[in-house]
Amino acid sequence: MAHLLVVESWVGSMSRLLPRAIQEGGHSFTFLTRDLHHYLRTAPEGAAHPLLGARDVVTADTNDPDSLLPFVERLHEVLGFDGVLTSCDYYLQTAALAAERLGLPAPDAEAVRNACRKDATRLVLDEAGVPGPRFAVHEEWAELAAAARDIGYPLVVKPVDLCAGMFVRRVDDEAQLAAVVRAMGDFPVNARGQRRAPAVLLEELMDGPEVSVETVSHAGAVQVVGVTDKSVGGAPAFVETGHMFPAALPAAEAEDVVGTALDALKALGLTEGGVAHTEIKLTSAGPRVVEVNPRPAGNRITELVRHVTGVDLVAAFVDVSLGRAPDLRRTDTGLRSAAIGFLVPQTTGTLAALDGTGLRTRPDVLEAELAEPGRQVRATGSNNDYLGHVMVGDTGGTGARERVEGLLAELRSGMVIR
């Protein structure tokens, strides 16, 4: 049995999936956090939060690596760790630094940092010749405005250090650009209390649909598990409204997508001890990298993969964090595709009605989770505003996406927000 140090976590499904994978692997974990209540607030009513299944819960300032790393070293002397990991983007580099400090398996900390910072990713990939959009990074308004004119509207504006699509917007003119930049400036600290970088990333607006490549790296080799498609809505925001695995792509196009993702991982140095979720745009000029996430995919994509292939990417994440070869053998699950769709609010108010009666009894429904009436909602601006999700499987082919979109349409027709 191995003992892992988990440094913070996302509060959504990964806060349940990661503890489950650790325990199902026969391991234990210590949970290190600066604010345990950040997680306890999200626990299901009447149930203990899965993170409380930790062997130990330790409080420390996880936002200060200079003090945290010596503390983790002392903690290691007492508790003894075999691996360090986190599911939360804001602590991926911290976990890699901690593992490095303890001499434990981990991806290169600088590579993780470059993947987590959208501006650094762009610079590294551009230097390596990996295809992406035209871009510019600036802090001052005059430079941003000039760069936007040079790239040309419409374009995409992004903060360099936030997640879940927060403040990522399409802008069509300078007035819209100024409004988004002001909104970013009014959000100087992220949800974990970390001060944000003032830099703003401008990117050429890329055409075409978006997919992601799910990979696992171990012993210098990157193994591709598959390609997932993505539905996006909420314009001018870019909100993920659904996914299907596997993506319904022609073989040649899938090969190009995978090749681009592998080139990006190699350029960043993410070929050792990690799981990655690389997002790619299928533009008219060929695949272009959107971003590289050096951790398992969110939005329950890992569960789509597991339902179709039997491969558990979260368990693989645990294995490679321990320096062990992951089990990526596929099994016949009976499903040929699985898709998830998210219920996205279009207006702000109070959820008065949302009826999912009978949804869970349908044979093709794998999961269904819906918000309860009375919840305060807002017109969505990021992936943090969902009112629930439905997941379905298809035994015959790649029809799961069409099925889930039909179910979401039924739910929306009966949803009332006042």
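Conventions we followed
Residues numbered from 1 in each chain as written. Predicted model: local features only at pLDDT ≥ 70, side-chain atom pairs only at ≥ 80, totals over all residues. Heavy atoms only, no water. Helix = DSSP H or I, 4+ residues; strand = E, 2+ residues; numbered from the N terminus. Buried < 20%, exposed > 50% of the residue type's maximum accessible area, 1.4 Å probe, protein only. Contact = heavy atoms within 4.5 Å. Areas by Shrake-Rupley, 256 points an atom, 1.4 Å probe, with all protein chains shown as cover. Core = buried A, V, L, I, M, F, W, Y, C linked by side-chain atoms within 4.5 Å. UniProt positions renumbered as here; feature names shortened; annotations may be inferred. Pairing = 2+ DSSP bridges. Axes fitted to C-alpha atoms, helices over the stretch in contact; angles between N-to-C directions. Parallel < 35°, antiparallel > 145°, perpendicular 65-115°, else oblique. Expected span 1.5 Å × (residues − 1). Arc of directions from axis to C-beta. Phe/Tyr/Trp six-rings, centres within 6.5 Å; stacked < 30°, edge-to-face > 60°. Salt bridge = Lys/Arg side-chain N within 4 Å of Asp/Glu carboxyl O.

Colleague: What's the story with the overall build of the protein chain in this structure? I'm lost.
Modeller: Within the protein chain, the regular secondary structure consists of twelve helices and 19 strands. Reported as C-alpha extents along the three principal axes, the dimensions of the protein chain are approximately 55 × 55 × 45 Å. Within the protein chain, the fraction of its 418 residues that count as buried is 54%. Excluding contacts between residues fewer than 6 apart, the proportion of contacts in the protein chain whose partners are at least 24 apart in sequence is 69%. With the model as given, the accessible surface of the protein chain reaches about 17,600 Å², and the carbon-plus-sulfur share is 49%.

Colleague: How do you make sense of the nonpolar core when you look at a structure like this?
Modeller: Soluble globular proteins tend to pack their nonpolar side chains together in the buried interior. Leu18, Phe29, Val216 and Val318 are the most contacted members of the largest nonpolar core, which totals 40 residues. Among the secondary structure elements, those contributing two or more residues to this core are β1 (3–7), α1 (14–24), β2 (28–33), β11 (239–245), α10 (301–309), α11 (313–321) and β14 (337–342). Per-element accounting of this core gives the leading share, six residues, to α11. If near-sequence neighbours (up to four positions away) are discounted, Phe29 is found in contact with His3, Leu4, Val6, Pro19, Ile22, Gln23, Pro50, Leu51, Gly53, Ala54, Arg55 and Asp56. Grouped together as the second largest cluster of nonpolar side chains are 37 residues, Leu104, Leu155, Val180 and Leu202 included.

Colleague: Looking at this structure, I do not really get the UniProt feature "domain: ATP-grasp" (unreviewed entry) in the protein chain. What am I missing?
Modeller: Residues annotated in UniProt with the feature "domain: ATP-grasp" (unreviewed entry) correspond here to residues 122–322. This span, residues 122–322, is 33% helix and 32% strand, and a straight line between its end C-alpha atoms measures 30 Å.

Colleague: Whenever I open this one, the sheet that holds strand β7 (residues 169–171) confuses me. Can you help?
Modeller: Neighbouring strands of a sheet are bound in pairs by backbone hydrogen bonds; such pairs are parallel or else antiparallel. Taken in spatial order, the four strands line up as β5-β8-β6-β7 in an open sheet, and their pairing is antiparallel. Two strands lie at the open edges of the sheet, namely β5 (135–138) and β7, each paired on one side alone. Put simply, the sheet's adjacent strands are angled 25° from each other on average, direction ignored. Bridge analysis of strand β6 (residues 155–159) against strand β8 (residues 200–204) gives five bridges, and the strand direction is antiparallel.

Colleague: For this particular structure, what's the right way to read the packing of helix α4 (residues 92–102) against helix α5 (residues 109–116)?
Modeller: Angle between the axes and distance between the axes: these two values describe a pair of packed helices. At their nearest, the axes of α4 and α5 sit 9 Å apart, and the two run at 180° to each other. Here α5 runs roughly antiparallel to α4, going by the angle between their axes. Where α4 approaches α5, its residues Leu92, Gln93, Ala96, Leu97 and Glu100 are matched on the opposing element by Ala109, Val112, Arg113 and Cys116.

Colleague: Explain helix α9 (residues 251–268) to me, please; I cannot follow it from the model alone.
Modeller: Note: α-helices contain 3.6 residues per turn, so residues at a spacing of three or four share the same orientation. Given a rise of 1.5 Å per residue, 18 residues ought to cover 26 Å, and the 26 Å separating the end C-alpha atoms of α9 matches this to within 8%. For α9, the set of buried residues is Ala254, Val257, Val258, Thr260, Ala261, Ala264, Leu265 and Leu268. Buried positions in α9, seen along its axis, are confined to an arc of 160° and lie on one side of it. For α9, exposure combined with an orientation more than 90 degrees from the buried face picks out Ala251, Ala252, Glu255 and Lys266. Among the structural elements, α5, α6 (118–128), β9 (210–218), β10 (221–233), β12 (274–283) and β13 (286–293) are those in contact with the buried residues of α9.

Colleague: What is the right way to look at the sheet that holds strand β16 (residues 365–370) in this model?
Modeller: Taking strand neighbours across the sheet as the criterion, the eight strands line up as β13-β12-β9-β10-β11-β14-β18-β16 in an open arrangement whose pairing is antiparallel. Two strands lie at the open edges of the sheet, namely β13 and β16, each paired on one side alone. The average undirected angle you get between the axes of adjacent strands in this sheet is 25°. Pairing geometry for β14 and strand β18 (residues 388–394), over six bridges, is antiparallel. Following the sheet pairing, Ser337 is matched in β18 by Asp394.

Colleague: What is the right way to read the packing of aromatic side chains from this model?
Modeller: Centre-to-centre distance and the angle between the planes together describe a pair of aromatic rings. By the definition in use, this model includes four aromatic pairs. Considering the side-chain rings of Trp10 and Tyr90, the 5.7 Å spacing of their centres and the 65° angle between planes classify their relative orientation as edge-to-face. A residue pair is termed long-range when its members are at least 10 positions apart, and Trp10 in the loop between β1 and α1 and Tyr90 in the loop between β4 (83–85) and α4 qualify at 80 residues. By relative accessible area, Trp10 is classed as partly exposed at 25%. Look at Tyr90 and you get buried, because its relative accessible area is 14%. Consider the rings of Phe31 and Tyr39, whose centres lie 5.1 Å apart with planes at 80°: the pair is edge-to-face. Accessibility expressed as a relative area gives 1% for Tyr39, which makes it buried.

Colleague: How should I be thinking about the pattern of salt bridges in this particular structure?
Modeller: Proximity of charged atoms lets side chains of opposite charge pair with each other. Here the structure, examined in full by the defined rule, presents 27 salt bridges. Residue Arg170 is joined to Asp172 by a salt bridge in which the shortest nitrogen-to-oxygen separation is 2.9 Å. Taking relative accessible area as the criterion, Arg170 reaches 35% and is therefore assigned partly exposed. Taking the shortest distance from any N to any O, the salt bridge between Asp229 and Arg401 comes out at 2.6 Å. Taken together, the residues Asp229 in strand β10 and Arg401 in helix α12 (residues 400–413) connect sequence positions 172 residues apart. Relative accessible area serves as the criterion here: at 8%, Asp229 is assigned to the buried category. Each of Arg20, Glu24, Glu303, Arg306 and Asp312 takes part in one network of salt bridges that share partners.

Colleague: I keep staring at the environment of Leu201 and nothing clicks. Help me out?
Modeller: Topologically, Leu201 is positioned in strand β8. A relative accessible area of 0% places Leu201 in the buried class. Sequence separation between Leu201 and Gly80 is 121 residues; the distance between their C-alpha atoms is 41 Å. What Leu201 contacts, discounting residues up to four positions off in sequence, is Lys118, Asp119, Arg122, Phe135, Ala136, Val137, Val156, Val157, Lys158 and Val160.

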